[in-house]
Amino acid sequence: MNDPVEITAEGDLIIIKRAGRKRRAKKSLEERLVEFYKKPIDEILSEESLHSPEEYDWGKPVGKEVW
């Protein structure tokens, strides 16, 4: 199975058992957005910029880009 194991010795015994996994708590999308924007989710979702796409000028090509 290729699971990591813990091996310990107690007296004349050798104990082998599956190692416990350390998992990070999974965050919801809402928690991640709040952490990223540092604002409550209601403020994030009400922002006009999230709902109306706008064009952005990246400037003139500097290489061999084809637009």
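In case you missed it, the structure is sitting above this.
Summarised in this report is the structure supplied together with it. Here the residue numbering is sequential within each chain, running from 1 through the sequence in written order. In keeping with the predicted nature of the model, local features appear solely for residues at pLDDT of at least 70, side-chain atom pairs appear and are counted solely at 80 or more, and the whole-chain, interface and lining totals rest on all residues. Calculation of side-chain values draws on the structure's entire complement of heavy atoms; hydrogens and water are dropped beforehand.

**Structural notes on the overall build of the protein chain**
When helices and strands are tallied, the protein chain shows two helices and two strands. Only runs of H or I of at least four residues qualify as helices and only runs of E of at least two qualify as strands under DSSP, and these elements are numbered from the N terminus. Traced from its N-terminal end to its C-terminal end, the protein chain shows the element sequence β-β-α-α. Three labels apply to residues, based on accessible area from a 1.4 Å probe with only protein chains included: buried if under 20% of the type maximum, exposed if over 50%, partly exposed otherwise in between. The burial tally for the protein chain puts 6% of its 67 residues in the buried class. By the convention used here, residues are in contact when the closest approach between their heavy atoms is within 4.5 Å. In the protein chain, once contacts between residues fewer than 6 apart in sequence are set aside, the share between residues at least 24 apart is 0%. Accessible surface, the protein chain: about 7,500 Å² in total, of which carbon and sulfur atoms supply 55%. Shrake-Rupley sampling with a 1.4 Å probe provides the accessible areas, and residues are treated as covered by the protein chains on show and by no other component.

**Observations concerning the pairing of strand 2 (residues 13–18)**
Of all six residues in strand 2, zero are buried, a share of ten percent or less. Paired strands, as defined in this entry, are two strands with at least two bridges between them according to DSSP. Where strand 1 (residues 5–10) and strand 2 come together, six bridges link them in antiparallel fashion. The partner of Ala9 across the bridge, within strand 2, is Ile14. Taken together, strand 1 and the strand that follows it, strand 2, pair antiparallel across an intervening segment of two residues, in which Gly11 is found at a positive phi of about 65°.

**Points about the packing of aromatic side chains**
Aromatic rings from Phe, Tyr and Trp, with only the six-membered ring used for Trp, were paired whenever their centres fell within 6.5 Å, and each pair was classed as stacked if the ring planes differed by under 30 degrees, edge-to-face if by over 60, and tilted otherwise. Going through the model one piece at a time under the given rule, you end up with one aromatic pair. The interplanar angle of 90° and the centroid separation of 4.9 Å between the aromatic rings of Phe36 and Tyr37 together place this pair among those described as edge-to-face. Judged by its relative accessible area of 31%, Tyr37 falls in the partly exposed class.

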